[in-house]
Amino acid sequence: MPETIKLATYLFKRLQQQGVDSIHGVPGDFNLTLLDYVVPAGLRWVGSANELNAGYAADGYSRIKGIGAIVTTFGVGELSAINAIAGAYSERAPVVHIVGVPSRPMQENRILVHHTMKDGDFTRFAQAQALFTVAQERLWDPRTSAEQIDEAIRQCLHHSRPVYIEVPVDMVSAQVSAERLAQPLQLIQHEPTRNQDRLITRVLDKIHTAKKPIILLDGESRGLGIVEAVQNLSKSTGWPTYVTGFAKGLLDETQPNFHGIYKGRFGEDASANFFKDADLILCFGPHFSTTNSYGNAALPNPQTTISFSHNETIFQNQVIRDAPAKYLVPKIIQCVDTAKAKEVYAIYPDLPRDITIPFSEVPADAPLTHDRLWKVVGNFLRPGDILMGETGTSSYGSRIVPLPLHARYFTHVTWLSIGYMLPAAQGAAMATQELIKASKLDSIKNSRTFLFIGDGSFQMTTQELATIVRHNLDVIVVLVNNNGYTVERCIHGKDEVYNDISAWNYLKAPAFFGAGDDSYTATARTFGELEKVFDDEKLKDGQGLRMVEIFLDRDDAPNGPLFDYMEVQKAGNGILQEKDEDA
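So, here is what we can say about the structure in this document. Just so we're clear, the structure is a prediction, and the values are computed from it rather than from any experiment.

A few words on the overall build of the chain. Across its full length, the chain carries 23 helices and 21 strands. Relative to the 2.2 N^0.38 estimate, which gives 25 Å for 583 residues, the radius of gyration of the chain is 25 Å and therefore close to what a compact globule would have. In terms of its C-alpha atoms, the chain occupies a principal-axis envelope of roughly 70 × 65 × 60 Å. Look at the contacts in the chain between residues 6 or more apart in sequence, and 77% of them connect residues 24 or more apart. If the 55 positive side-chain charges of the chain are averaged to one point and the 69 negative ones to another, these points end up 5 Å apart.

One way to put it is that helix H3 (residues 51-65) packs onto helix H16 (residues 421-437) with a least axis distance of 7 Å and a crossing angle of 40°. When the axes of H3 and H16 are compared, the pair comes out oblique. The way H3 lies across H16 gives a crossing that is right-handed. Where H3 approaches H16, its residues Asn53, Tyr56, Ala57, Gly60, Tyr61, Ile64 and Lys65 are matched on the opposing element by Pro423, Ala424, Gln426, Gly427, Ala428, Met430, Ala431, Thr432, Glu434 and Leu435.

Its 15 residues give H3 an end-to-end C-alpha distance of 20 Å, which sits within 8% of 21 Å, the value for a rise of 1.5 Å per residue. Counted residue by residue, H3 has 14 buried out of 15 residues, so it is predominantly covered. Its side-chain oxygen placed 3.2 Å from the backbone nitrogen of Leu52, Asn50 serves as the N-cap of H3. Once H3 ends, the next one or two residues include Gly66, with phi positive near 95°.

This part covers the side chain of Arg399. Looking at the element boundaries, Arg399 is found in the loop between helix H15 (393-398) and strand S17 (408-410). Within the structure, the side chain of Arg399 is placed 3.2 Å from the side chain of Ser395, a separation counted as a polar contact. Excluding residues within four positions of it along the chain, Arg399 makes contact with Gly245, Lys248, Ile261, Thr291, Tyr294, Asp354, Tyr409, Thr411 and His412.

Turning our eyes to something else, we now look at the sheet that holds strand S19 (residues 475-481). Reading across the sheet, the six strands line up as S17-S16-S18-S19-S21-S20 and stay open at both edges, with parallel pairing between neighbours. Single-partner strands in this sheet number two, and they are S17 and strand S20 (520-524). In this sheet, adjacent strand axes meet at a mean angle of 15° when their direction is disregarded. Its contacts with the sheet place helix H21 (residues 527-535) against strand S18 (449-454), S20 and strand S21 (546-551), and it is angled at close to 160° to S20.

Here we come to empty space enclosed by the protein. Tallied over the entire structure, the rule returns six cavities of 30 Å³ or more. Computed from the structure, the largest cavity encloses a volume of approximately 150 Å³. Along its surface, the largest cavity is lined by 16 residues, and Thr391, Gly392, Gly454, Ser457 and Val487 are the ones closest to its centre. Secondary structure elements with two or more residues in the lining of the largest cavity: H15, helix H17 (455-461) and helix H19 (486-491). Per-class residue counts for the lining of the largest cavity are three nonpolar, 10 polar and three charged. Here the second largest cavity is characterised by a volume of approximately 80 Å³. Arg63, Arg222, Gly245, Phe246, Lys248, Leu250, Arg408, Tyr409, Phe410 and Thr411 together form the lining of the second largest cavity. Considering each element in turn, the lining of the second largest cavity owes the most residues, three residues, to S17. Split by residue class, the lining of the second largest cavity holds four nonpolar, two polar and four charged.

In this structure the tally under the stated criterion is 19 aromatic pairs. Between Phe266 and Tyr294, the aromatic rings sit 6.3 Å apart at their centres with planes inclined by 40°, giving tilted as the arrangement. Separated by 28 residues along the polypeptide, Phe266 in the loop between strand S11 (258-261) and helix H11 (269-277) and Tyr294 in the loop between strand S12 (280-284) and strand S13 (305-308) bring together distant segments of the chain. Assessed through its relative accessible area of 6%, Phe266 is described here as buried. On the basis of an interplanar angle of 75° and a centroid distance of 6.4 Å, the ring pair of Phe458 and Trp504 is categorised as edge-to-face.

This part takes up the sheet that holds strand S9 (residues 213-217). Across the sheet, seven strands lie side by side as S11-S10-S9-S12-S13-S14-S15; this open sheet has mixed pairing. In the strand order of this sheet, the two ends are held by S11 and strand S15 (318-321), each with one partner. The sheet shows a mean angle of 15° between the axes of neighbouring strands, direction not considered. Alignment of S13 against strand S14 (residues 312-315), held across three bridges, turns out to be antiparallel. By the bridge assignment for S14, Phe308 is matched with Thr313. Running at roughly 150° to S9, helix H10 (residues 227-237) makes contact with S9, strand S10 (241-243) and S12 of the sheet. Packed on one face of the sheet, H11 meets S9, S10 and S12 and runs near 110° to S9.

Basis of the calculations
- Residues numbered from 1 in each chain as written.
- Predicted model: local features only at pLDDT ≥ 70, side-chain atom pairs only at ≥ 80, totals over all residues.
- Heavy atoms only, no water.
- Helix = DSSP H or I, 4+ residues; strand = E, 2+ residues; numbered from the N terminus.
- Rg over C-alpha atoms; globule rule 2.2 N^0.38 Å.
- Contact = heavy atoms within 4.5 Å.
- Lys, Arg positive; Asp, Glu negative; His and termini not counted.
- Charge placed at Lys NZ, Arg CZ, Asp CG, Glu CD.
- Axes fitted to C-alpha atoms, helices over the stretch in contact; angles between N-to-C directions.
- Parallel < 35°, antiparallel > 145°, perpendicular 65-115°, else oblique.
- Left-handed = near helix turned anticlockwise from the far one by under 90°.
- Expected span 1.5 Å × (residues − 1).
- Buried < 20%, exposed > 50% of the residue type's maximum accessible area, 1.4 Å probe, protein only.
- Polar contact = N/O pair within 3.5 Å; in protein donor to acceptor, adjacent residues only side chain to side chain.
- Pairing = 2+ DSSP bridges.
- 1 Å grid on protein atoms, 1.4 Å probe; cavity = no way out; pocket = protein on both sides within 12 Å on 5 of 7 lines; lining within 4 Å.
- Points joined across faces, edges and corners; volume = space filled by probe spheres on them.
- Nonpolar A, V, L, I, M, F, W, Y, C, P; charged D, E, K, R; others polar.
- Phe/Tyr/Trp six-rings, centres within 6.5 Å; stacked < 30°, edge-to-face > 60°.

Put into structure tokens, the structure is as follows:
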């Protein structure tokens, strides 16, 4: 008899083989027996406060480890998570969404069970999930279920997007063949064509004849697995290298040819002019939403751009399909004549770089303001840290913070669901903790996850402080108290009541959610007070959850690009400066 294994064990072991060591989720009556197999499979059960937070956390986890997983219950649980799954789809985060569903007999007999519309239709929620996942599997037959699990995970990794797996209650302990589990998961491979070889030659010709080339990295390059190759190209050529907000933190920002986020006309004139004069722009992993490209102001010139994406290459306005970056980019970079490439570097002008300024350059009694806050934040960061900026003023401000070696950065750039960053910080911190434990982070021995989050966003998902405390994760939460939705005030309704929020005693939150009496909390209203907080050994070298509340004026926001860009947003959103007469 062929060796068999229970379906649930197969599922969790297969995920573990791909790098998943922790499962996020919330228990519910249709997934309880499924959850019995998580810990025996060698995985950690995280246990989030709600399904939306679990989805956000699995997303953050996946962006560090390359894949994440969440388990919810049928109907009410999976619909609570669907906003997070949609965000993962939008920003290419590979998350496996596993749903415990009613038994096959219950579904076949159309029983009017709870968590349904009481009409015997059990397919509604799967139909909704199909809109935000690249593959959906309904495990109905033990003879095919192992293969279905493998295919879902393959699609998740190939597209770097969420997938959906339904596990009926009576299938949890069904016996499936164990033979497949003994073999590594075969990922989707690319079959090269002669057209692609010709394309490689054309690209190399452009690289070797370029006089003013630029490298532009965008965030989808992470899911494509080409970041290391692009980093090698940047280092070996010395070409000016820029990123988008989505790609910040993927490259080594300590390199002399790294020049931060390209903002088009909303950034420095020198960079904007340099892009206009470039005769070659190599763009990797483009993700050109309006919010990732400053209202399309930071789009590279298509006439001089070669763009490499998931399944196509755009060669100076010519779309070449079935030419995936994951296959092409490493081959191109291996063939670059770096001696030729370096010849042009000497003619480049001095281009601006983001800088950190010492606290001594800011009056100690000056109130905290965005125009100088983000220029001092870099004083606190260490190699291996993670900096996260929640959607809003923190997102725009934190983009200018220079990162030390091996540091990472996260901000939402397209989905922009406020509250995402707190659970995502939990997931990212947990994933980093696991990589450090496995000695997979370039000699990094510890890492702090450093989250800036506005008071409005914090109120959305604050329950995940409990999860951070429960798992003793090194997360420093900086609560930006600016008395409401400041970023929305910048767009519209500066003095309207709908942009106000309730006042909370924020620093009591750690204790409420289970932190010990010695949990670090502090406040700062001036730059002098902030310097003392940053220099506090209990904050710098402490463990677990630490929380700092900083106060900024309600109407203060990052200067220049944010205010200018908000004008673009108003026009794009159809928002008028004046109130409607009927309002």
